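# Commentary on secondary and tertiary structure
Letter by letter, the chains look like this.
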Amino acid sequence: MFSAFPFQNLSKLCIHTITTKSWPLEVAAEKYAKAGVKGITVWRDALAGRNPEQAGARIRDQGLSIVSLCRGGFFAGYSATERRAAIDDNRGAIAEAKALGAPLIVLVCGAVPGQKLSESRKQIQDGIAAILPDCIAAGVKLAVEPLHPMYADSRSAINTMAQANDLCEAIASPLVGVAVDVYHLWWDPLLEQEIARCGRMGKIFAYHVCDWRTPTIDFLNDRGLMGEGCIHLRQIRAWVEAAGFKGFNEVEVFSNRLWAMNQDEYLQQIVRSYSEFV
Ligand code: ZN
């Protein structure tokens, strides 16, 4: 009852800037730190118009760890020109991550409507291989984030934990691992065993939390806060930690409903929900 914060251990709590997207980066960092949050994942749109080195220094001055930069990827494309443009954009993200001091970039790997998913997966592998030398030079890692299959048309052809593990195995670089996001993977029948497999490879690079609401009324922007949905968060966290993951639990919520509320109250609600359900 005499603890500095009214909630239980927040040492692994990280928040994605998109979660409180109306706050400019500096405001988000200050408010997160005051609420006892320890980590921040910076979305690239929050960095727009800023010098990433200065932005990184300012965030660290608040006592926050920069967990990752969100996001790169979108390697699939109908034409070689589009695929080259994606590779260039990812090189820009790597430079931004290095300047910001973010050790990791989360990849939404890409898909294009009408193209076979197997072809997109091949393009994704080629795209990651193309930017690996830049990652090595910058000392920046990449996390392949499998996306729920409802996004397989246009956002990612990597939809299960097994596919992400297979891709990492094929690329075989210590810099390429997986971001486990409960929103995308909670339904995966092989989740427990594939998390264990990912852990054996030393490739669980990030863990993202939120919840799945019933009914979900918007495919993109109706994520729930932890405890509002059907995901067994403690179970999945236990699997991830049993597989050796020691990093942050990153709260990543896109929600028109929650963006519409008072964001200071929302931040308190995030901290409470984290304490109770993650
Ligand atoms: Zn995520």
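Just so you know, these numbers come straight off a predicted model, no measurement behind them.

Moving on, we get to the coordination of the zinc ion. Coordination of the zinc ion by the protein comes from Glu145 (OE), Asp181 (OD), His208 (ND1) and Glu252 (OE), over a distance range of 2.0 to 2.2 Å. The site at the zinc ion holds 4 donor atoms, and with the angles between them running 83 to 173 degrees, its shape is irregular. Along the chain, the residues that donate to the zinc ion are spaced as E-x35-D-x26-H-x43-E. Linking Asp181 in strand β6 (residues 176–181) with His208 in strand β7 (residues 204–209), this pair joins segments that are 27 residues apart in sequence. Looking at His208, the relative accessible area reads 0%, which means it is buried.

We now examine the packing of helix α6 (residues 161–171) against helix α8 (residues 191–200). The contact between α6 and α8 brings their axes to 9 Å, and the two run at 20 degrees. As far as their axial angle goes, α8 and α6 are roughly parallel. Note that α6 runs across α8; the crossing there is left-handed. From α6, Met161, Ala162, Asn165, Asp166 and Glu169 reach across to α8, where they touch Leu191, Glu194, Ile195, Arg197 and Cys198.

Per the counting criterion, the structure on display carries 3 aromatic pairs. A ring pair is formed by Trp43 and Phe254, whose centres lie 5.6 Å apart and whose planes are at 85 degrees; its orientation type is edge-to-face. Here Phe254 lies in the loop between β8 (249–251) and α10 (256–259) and Trp43 lies in strand β2 (residues 39–43), a separation of 211 residues in the sequence. Of the two residues, Trp43 and Phe254, both sit in the buried class.

Okay, the sheet that holds β7 next. Backbone hydrogen bonds hold the strands of a sheet together, and the pairing may be parallel or antiparallel. Strand order in the closed barrel formed by 8 strands is β1-β2-β3-β4-β5-β6-β7-β8, and the pairing between neighbours is parallel. The sheet shows a mean angle of 30 degrees between the axes of neighbouring strands, taken without regard to direction.

Tallied over the entire structure, the rule returns 17 salt bridges. Glu169 is paired through a salt bridge with Arg197; the nearest N and O atoms lie 3.4 Å apart. Of the two residues, Glu169 sits in helix α6 while Arg197 sits in helix α8, which places them 28 residues apart along the sequence. Using a relative accessible area of 46% as the deciding quantity, one classes Glu169 as partly exposed. Look at Arg197 and you get buried, because its relative accessible area is 15%. The network of salt bridges with common partners includes Asp166, Glu169, Glu194 and Arg197.

This next bit is on helix α9 (residues 233–242). Among all positions of α9, only Leu233, Ile236, Arg237 and Val240 are buried. Considered in projection along α9, the buried side chains sweep an arc of 100 degrees and stay on one side of the axis. In this fold, the buried residues of α9 make contact with β6, α7 (182–185), α8, β7, β8 and α11 (263–277). Trailing α9 by a residue or two, Gly244 shows a phi angle of about 105 degrees, which is positive.

Attention now moves to unusual backbone geometry. In the segment running from Cys70 into Arg71, the intervening peptide bond is cis, with an omega of 0 degrees. Positioned with a positive phi, Phe74 is a non-glycine residue whose angle comes to about 50 degrees. Within the element layout of this structure, Phe74 appears in the loop between β3 (65–73) and α4 (80–100). For Phe74, a relative accessible area of 33% translates into the label partly exposed. Positive phi, normally seen in glycine, also occurs at Ala172, with a value near 50 degrees. Assignment of secondary structure puts Ala172 in the loop between α6 and β6.

Rules of the game
- Residues numbered from 1 in each chain as written.
- Predicted model: local features only at pLDDT ≥ 70, side-chain atom pairs only at ≥ 80, totals over all residues.
- Heavy atoms only, no water.
- Donors = N, O, S within 2.8 Å, 3.2 Å for Na, K, Ca; no water.
- Tetrahedral: all angles 85-135°; square planar, octahedral: opposite > 155°, others 65-115°.
- Helix = DSSP H or I, 4+ residues; strand = E, 2+ residues; numbered from the N terminus.
- Buried < 20%, exposed > 50% of the residue type's maximum accessible area, 1.4 Å probe, protein only.
- Axes fitted to C-alpha atoms, helices over the stretch in contact; angles between N-to-C directions.
- Parallel < 35°, antiparallel > 145°, perpendicular 65-115°, else oblique.
- Left-handed = near helix turned anticlockwise from the far one by under 90°.
- Contact = heavy atoms within 4.5 Å.
- Phe/Tyr/Trp six-rings, centres within 6.5 Å; stacked < 30°, edge-to-face > 60°.
- Pairing = 2+ DSSP bridges.
- Salt bridge = Lys/Arg side-chain N within 4 Å of Asp/Glu carboxyl O.
- Arc of directions from axis to C-beta.

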